[in-house]
Amino acid sequence: MKYFILFGPPGAGKGTQAAAMVEKYNLRHISTGALLREEIAKGSELGLKAKALIDDGQLVPDEVVEGMIENTFKTTKGVSGFLLDGFPRTIAQAEALDKMLSQNSEEVTSVVSIMIPDEMIRERIKHRASIEGRADDASDETITNRIATYHAKTEPLVGYYRQQGKYREIDGTGSIEEVRAGIFSLMESL
Ligand code: B4P
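Residues numbered from 1 in each chain as written. Predicted model: local features only at pLDDT ≥ 70, side-chain atom pairs only at ≥ 80, totals over all residues. Heavy atoms only, no water.

> Any chance you could explain the overall build of the protein chain here in plain terms?
Summing up its helical and strand segments, the protein chain has ten helices and five strands in all. Taken along its principal axes, the extent of the C-alpha atoms in the protein chain is 40 × 40 × 30 Å. Looking at the protein chain residue by residue over its 190 residues, the buried ones come to 46%. Across the protein chain, contacts joining residues at least 24 apart in sequence account for 76% of those joining residues at least 6 apart. As displayed, the protein chain offers around 9500 Å² of accessible surface, 51% of which is attributable to carbon and sulfur atoms. Placing the 23 positive and 29 negative side-chain charges of the protein chain at their respective mean positions leaves the two points 3 Å apart. (Helix = DSSP H or I, 4+ residues; strand = E, 2+ residues; numbered from the N terminus. Buried < 20%, exposed > 50% of the residue type's maximum accessible area, 1.4 Å probe, protein only. Contact = heavy atoms within 4.5 Å. Areas by Shrake-Rupley, 256 points an atom, 1.4 Å probe, with all protein chains shown as cover. Lys, Arg positive; Asp, Glu negative; His and termini not counted. Charge placed at Lys NZ, Arg CZ, Asp CG, Glu CD.)

What follows is the structure in structure tokens.
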């Protein structure tokens, strides 16, 4: 099984690019953000707790997303691998993932990172707010918190995966098609 991680700051285009990647490489797409939004839409207890954190630009607790990932691994059949979109987002989540996979003699295959500067994060998220109306895209304060959370908690994963020799970075500032072409040519080289 292949285990790809799609990494990048909020609004870098992970969800956008994941759709094309899963189709081309027969991967199961797991977006923790999308799974959390489903819980919010259902109005579950977990969803209510997650909503307050997400709308404030914070991360939800590690155990919550780790459980979602483990469940999906166990219940998925008939794919060549997984594309983890937006997970892991903390060093603790990365360590939990390594542990989960090593129990089945598996490991992370590669990390594909889409990188854009902070100012572009703001532009992209504001643009999405005007189309999708996501509550966590709506206010400048929430976006600022999401960027700060990314730098404090998620960016350290770059070093974590570089040290393992698994980190590959793509320039995410081009058009959707340009970024997709960059990702596909990287995937072919892995
Ligand atoms: P996510 O759902 O992962 O949201 P994201 O990082 O904002 O989105 P993404 O990078 O996928 O951007 P997209 O393709 O849509 O997370 C939401 C929240 O859930 C987090 O803030 C956190 O609170 C919580 N959460 C999720 N996972 C968690 C975890 N593991 N642990 C704890 N908490 C977790 O692109 C954005 C916009 O840009 C779109 O409008 C798109 O059309 C546009 N775009 C994309 N590529 C473009 C390009 N090349 N050019 C121009 N526009 C582009």
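> Just to check I follow, could you spell out the pairing of strand 4 (residues 110–115) for this structure?
It is a general feature of regular strands that their side chains alternate between the two faces of the sheet. Of all the six residues making up strand 4, six are buried; the element is thus mostly covered by neighbouring parts of the structure. Neither face of strand 4 is exposed, since Ser110, Val112 and Ile114 on one face and Val111, Ser113 and Met115 on the opposite face are all buried. Sheet topology note: the strand 1 (residues 2–7)/strand 4 ladder contains four bridges and is parallel. Considered in strand 4, the bridge of Phe7 is made with Ser113. Pairing of strand 4 with strand 5 (residues 167–171), which is carried by five bridges, proceeds in the parallel orientation. Note on strand 5: the bridge partner recorded for Ser113 is Glu169. (Pairing = 2+ DSSP bridges.)

> Would you take a moment to explain the sheet that holds strand 3 (residues 81–85) for this structure?
Consider a sheet: its strands pair through backbone hydrogen bonds, and that pairing is either parallel or antiparallel. Taken together, the five strands give an open sheet; going across it, the order is 2-3-1-4-5, and neighbouring strands pair in parallel fashion. In the strand order of this sheet, the two ends are held by strand 2 (27–31) and strand 5, each with one partner. Across this sheet, the average inter-strand angle for adjacent strands is 20°, counted without regard to direction. Across the sheet, helix 10 (residues 176–189) is in contact with strand 1, strand 4 and strand 5; its angle to strand 5 comes to roughly 155°. (Axes fitted to C-alpha atoms, helices over the stretch in contact; angles between N-to-C directions.)

> What is the right way to read unusual backbone geometry from this model?
With glycine set apart, most residues show a phi of negative sign, and most peptide bonds adopt trans. The omega torsion of the bond from Phe87 to Pro88 falls at 0°, within 30 degrees of zero and hence cis. Phi angles above zero are rare outside glycine, and Asn26 is one such case at about 50°. Structurally, Asn26 can be placed in the loop between helix 1 (14–25) and strand 2. If you check the backbone angles, Ser105 has positive phi at about 55° while not being a glycine. Relative to the helices and strands, Ser105 resides in the loop between helix 5 (91–102) and strand 4. Its relative accessible area of 71% is what places Ser105 among the exposed residues.

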